[in-house]
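Inside the fold
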Amino acid sequence: MPRIAGRLLPVLLLAAGLALPASAVPAAALPASDPAATALAAGATAGARAGAVLETRIIGRSVEGRPILAWRLGDPTSPVKAVFLATIHGNEAQPARILADLRDGRPITGADVWVVPYLNPDGYQHHSRRNAAGVDLNRNFPVHWIRQFGSYDSGPSAASEPETRAIMAFLTEVRPRWVVSFHQPLDGVDQSYAKTRRLAHRLSRYLHLPLKRFSCNNGCHGTLTQWFNATQPGRAITVEYGARMTWRQKNVIGPRGLLRTIHARR
Ligand SMILES: [Zn+2]
């Protein structure tokens, strides 16, 4: 009987037009014996238990078929919308902990917040910067895209990768006022764009990170923030933590500072 109830619950909720709670993400959506998927599933359960999660959505799938999950927190009626992203580079996963803390913690008020802790789940699984096709997703967006190779392989064409297209569609639909994209290990908040200068100053102050200018080694081409800032009304910014984040950065300063930056609280 419990098994039947478990299977029916998501269907009934959908039929009622209700958001799917995190715990109701179908097990079949998550590949078995996959550490990345297991971590995601465990997080989903924890989020549901803590009650901060309003909705869980699979926004797309990776090259190897892993789900890219987004969690909605906060107040969905708030005009203040923010999306926090991590792990677009699979080997820069420590900031995902900040987003997990927000997801698993107390309910958020004052903003409509989405978190995507693992934008590149294949790279995370394989401890690789790039996706399973060998593409650096943060060089694959269709603004100032050029063909690049090696560690910064930009893919055969702009937006060639399913992960890139998934987050583009998601951000276009949500239309957030603010997007924060987390990386490692350059330790700073990017102040390269005039459009995001005020956001950069607030993040620098509340996350306790220095203001810097990141030039993508050789001039930026096809990055997520370039695409979003050029094509969407909102503001997108890169935040880099150091190679090793402290426990306080992950669990106290990071979550609290992010909320304070967007005038939200919990
Ligand atoms: Zn990075």
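Nothing here was measured: the structure is a model prediction, and the numbers come from that model.

With respect to the coordination of the zinc ion
Distances from the zinc ion to its protein donors, namely H89 (ND1), E92 (OE), E92 (OE) and H183 (ND1), fall within the range 2.0 to 2.7 Å. Note that the zinc ion binds four donor atoms; their angles at the metal cover 52 to 151°, and the shape is irregular. In the primary structure, the donors to the zinc ion are separated according to the pattern H-x2-E-x90-H. You'll find H89 and E92 in the same group, each marked buried.

Notes on the pairing of strand 1 (residues 55-61)
Pairing geometry for strand 1 and strand 2 (residues 67-74), over six bridges, is antiparallel. Opposite G60, over in strand 2, you have I68 as the bridge partner. Between strand 1 and the antiparallel strand that follows it, strand 2, lie five residues; G65 among them carries a positive phi value of about 90°.

Some words on helix 3 (residues 96-104)
In terms of residue burial, helix 3 counts as a mostly covered element, since seven of its nine residues are buried. For helix 3, the complete set of buried residues consists of A96, I98, L99, A100, D101, L102 and R103.

Some points on the pattern of salt bridges
According to the stated counting rule, one finds 12 salt bridges in the structure shown. E55 is paired through a salt bridge with R57; the nearest N and O atoms lie 3.5 Å apart. The exposure class assigned to R57 is partly exposed, which follows from its relative accessible area of 25%. Here R129 makes a salt bridge to E92, at a shortest N to O gap of 3.6 Å. You can see R129 sitting in the loop between helix 4 (121-125) and helix 5 (162-174) and its partner E92 sitting in the loop between strand 3 (81-85) and helix 3, a full 37 residues away along the chain. Grouping residues by exposure puts R129 and E92 together as buried. When salt bridges that share partners are traced, they join E55, R57, R72, K81, D112 and E173 into one network.

Parameters and conventions
Residues numbered from 1 in each chain as written. Predicted model: local features only at pLDDT ≥ 70, side-chain atom pairs only at ≥ 80, totals over all residues. Heavy atoms only, no water. Donors = N, O, S within 2.8 Å, 3.2 Å for Na, K, Ca; no water. Tetrahedral: all angles 85-135°; square planar, octahedral: opposite > 155°, others 65-115°. Buried < 20%, exposed > 50% of the residue type's maximum accessible area, 1.4 Å probe, protein only. Pairing = 2+ DSSP bridges. Helix = DSSP H or I, 4+ residues; strand = E, 2+ residues; numbered from the N terminus. Salt bridge = Lys/Arg side-chain N within 4 Å of Asp/Glu carboxyl O.

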